[in-house]
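Chain and residue survey
Residue strings, one per chain:
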Amino acid sequence: MTTDLDQLRSDLLGAITAADTLDAIEAVRVAALGKQGSVTALLKTLGGMSPDERQTAGPLIQALREAVTGAIADRKAALERAALDARLASETLDMTLPASGVAPGSVHPVSQVMDELAEIFADLGFAVATGPEIEDDWHNFTALNIAETHPARAMHDTFYFPDEGVQRMLLRTHTSPVQIRTMMQQKPPIRIIAPGRVYRSDSDATHTPMFHQIEGLVIDRGITLGHLKWTLETFLKAFFERDDIVLRLRASYFPFTEPSAEVDVGYTIEKGKRVIGGSGDDANGGWMEVLGSGMVHPKVIAACGLDPDEWQGFAFGTGVDRLAMLKYGMDDLRAFFDGDLRWLKHYGFGALDVPTIAGGVGA
């Protein structure tokens, strides 16, 4: 039996070495270790042996199985590595070649949309405010009227740093802390937008652990929901460059606004795709959520040292990446962060395409 096993081992290892494709190595694996494989057949014979025979043959057959399994794994890894090397070699870029006929480089869609948003809101009298991406718990949650038991504080949503001080530190989950810092440092009236990177523990086709958000804040006397709706309607008409934008405000809940509203925009189906614009009640259209908004909660205003009986305001927020996807027809958020030059060449913008209200913000 030992001679037969040695011969089988030699034959199988030779076939593994000769396999030059992944399909070939898979065929060898099935022939040896599959349900009807030669090694599997030998393992099945152990049940019909006497204890003495099994004690002698068992280790030999198991050693054969382990040798074949290991050799297949090594050969498969080598073939996969060779395939990857060949792919990388075929996709290399010669960075020494000079640019011909075009300005080098392109603007990422997120940067383009950031510029568009800043231009639109500047025309409406808003300034751009920024803040730290590493925040403390008070600015990110407590000052925004987010209770200790609120799900947004959970570890599965928030990236926390090790608890080493009085204030627990974290990667900000929204740009709302910029609103708090602005209200504490600047006297009303306030009109700001707060664009920037934010972080949440989530990842799929429409969510990434890091994404871009823009929030707006207005604090003044006599501010109402009417001011909020007009601002959002004006912004969306300018951004999507259509006058037939129709908004729908649905009652919602956010800890930092009261009342709160989700903002839907009407869309129509054109050539099988959703296009922003038109009434969502049409037979050939619908409604799509694009913003969260509301009147700033009196507790938030008071937490920033202002008198809520004197000052009122509204706030709103949306994802910059999501706006880019809607306007420019992108269907997977993860591609924004893959660093694929081919994707950027397809969706990127010319370095000299600076958006202006007069000239238009579209590419």
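Here, the structure is the one placed above.
The sections below set out a description of the structure shown in this document. (Residues numbered from 1 in each chain as written. Predicted model: local features only at pLDDT ≥ 70, side-chain atom pairs only at ≥ 80, totals over all residues. Heavy atoms only, no water.)

1. Quick look at the overall build of the chain
This is how the line gets drawn: Comment: elements are numbered from the N terminus, with helices defined as DSSP H or I runs of at least four residues and strands as E runs of at least two. Each radius of gyration is computed over the set of C-alpha atoms, and the globule rule expresses the reference value as 2.2 Å times the number of residues to the power 0.38. A simple rule labels every residue: compare its accessible area, found with a 1.4 Å probe on the protein chains alone, to the largest value its type can have, and call it buried under 20%, exposed over 50%, or partly exposed in between. Working rule for contacts: check all heavy atoms of both residues, and any pair within 4.5 Å makes them a contact. Method for areas: the Shrake-Rupley scheme with a 1.4 Å probe, in which residue coverage is limited to the protein chains shown. The sign given to each residue is positive for Lys and Arg and negative for Asp and Glu; His and the chain ends receive no count. Charge positions come from single atoms, namely NZ of Lys, CZ of Arg, CG of Asp or CD of Glu.
What the chain contains, in helices and strands, is eleven helices and ten strands. For 363 residues, the compact-globule estimate of 2.2 N^0.38 gives 21 Å, and the chain exceeds it by more than 25% at 31 Å. The principal-axis extents of the C-alpha atoms in the chain amount to approximately 95 × 55 × 50 Å. Taking all 363 residues of the chain together, the buried fraction comes to 39%. Restricting to contacts in the chain with at least 6 residues of sequence separation, those with at least 24 account for 66%. Carbon together with sulfur atoms contributes 54% to the accessible area of the chain, which is approximately 19800 Å² in total. Treating the 33 positive side-chain charges of the chain as one cloud and the 50 negative ones as another, the clouds have centres 2 Å apart.

2. Some remarks on the pattern of salt bridges
The cut-off we apply is this: By definition here, a salt bridge exists when the distance from a side-chain nitrogen of Lys or Arg to a carboxyl oxygen of Asp or Glu is within 4 Å.
Per the counting criterion, the structure on display carries 15 salt bridges. Linking Glu289 and Arg250 is a salt bridge whose minimum nitrogen-to-oxygen distance equals 3.6 Å. One end of the pair, Glu289, is in strand β9 (residues 285–296); the other, Arg250, is in strand β6 (residues 247–254), and 39 residues separate them in sequence. Salt bridges sharing partners connect three or more residues here, namely Arg87, Glu91, Asp340 and Arg342.

3. Considering the pairing of strand β7 (residues 257–270)
Let me state the cut-off plainly: Two strands are counted as paired when DSSP detects at least two bridges linking them.
Among the 14 residues in β7, ten count as buried, and that is most of the element. Both β6 and β7 contribute to a ladder of seven bridges, which runs antiparallel. Along β7, the bridge assignment pairs Phe254 with Thr257. The hairpin formed by β6 and β7 contains two residues between the paired strands. The pairing of β7 with β9 spans ten bridges and is classified as antiparallel. When the bridges of β9 are listed, Val265 appears paired with Met288. Bridge count for β7 against strand β8 (residues 273–276) is four bridges, and the pairing is antiparallel.

4. Considerations on the packing of aromatic side chains
The geometry of an aromatic ring pair comes down to the distance between the two centres and the angle between the two planes. What counts here: Pairing of aromatic rings covers Phe, Tyr and the six-membered ring of Trp, with a centre-to-centre limit of 6.5 Å; geometry is then stacked below 30 degrees between planes, edge-to-face above 60, and tilted otherwise.
This model, assessed by the stated rule, comprises eleven aromatic pairs. Geometrically, the ring pair formed by Phe121 and Phe316 is stacked, given 5.6 Å between the ring centres and 20° between the ring planes. You can see Phe121 sitting in helix α5 (residues 109–123) and its partner Phe316 sitting in strand β10 (residues 312–319), a full 195 residues away along the chain. When the centroid spacing of 6.0 Å and the interplanar angle of 10° are considered together, the rings of Phe254 and Phe256 count as stacked.

5. Describing helix α4 (residues 51–90)
The following threshold applies: Here a helix's expected span is defined as the number of its residues, less one, multiplied by 1.5 Å. In this scheme, the bend at a residue equals the angle between the axes fitted to the seven residues that finish there and the seven that begin there.
Its 40 residues give α4 an end-to-end C-alpha distance of 58 Å, which sits within 8% of 58 Å, the value for a rise of 1.5 Å per residue. Along α4, the helix axis deviates most sharply at Ala57, where the bend reaches about 30°; the proline Pro59 sits within four residues downstream.

6. Here's the deal with the side chain of Asp136
Applicable threshold: Distance and chemistry together define a polar contact, namely a pair of N or O atoms within 3.5 Å, with one atom able to donate a hydrogen and the other to accept it when in protein, and with adjacent residues in sequence counting only for side-chain atoms on both sides.
Counting through the fold element by element, Asp136 comes out in strand β2 (residues 134–136). Of the polar contacts made by the side chain of Asp136, one reaches the backbone nitrogen of Trp138; its length is 3.0 Å. In this structure the side chain of Asp136 is engaged in a polar contact, spanning 2.8 Å, whose partner is the backbone nitrogen of His139. Residues in contact with Asp136, not counting those within four places in the same chain, are Gln167, Arg168, Met169 and Arg181.

In short, shape yes, function no, at least from these values alone.
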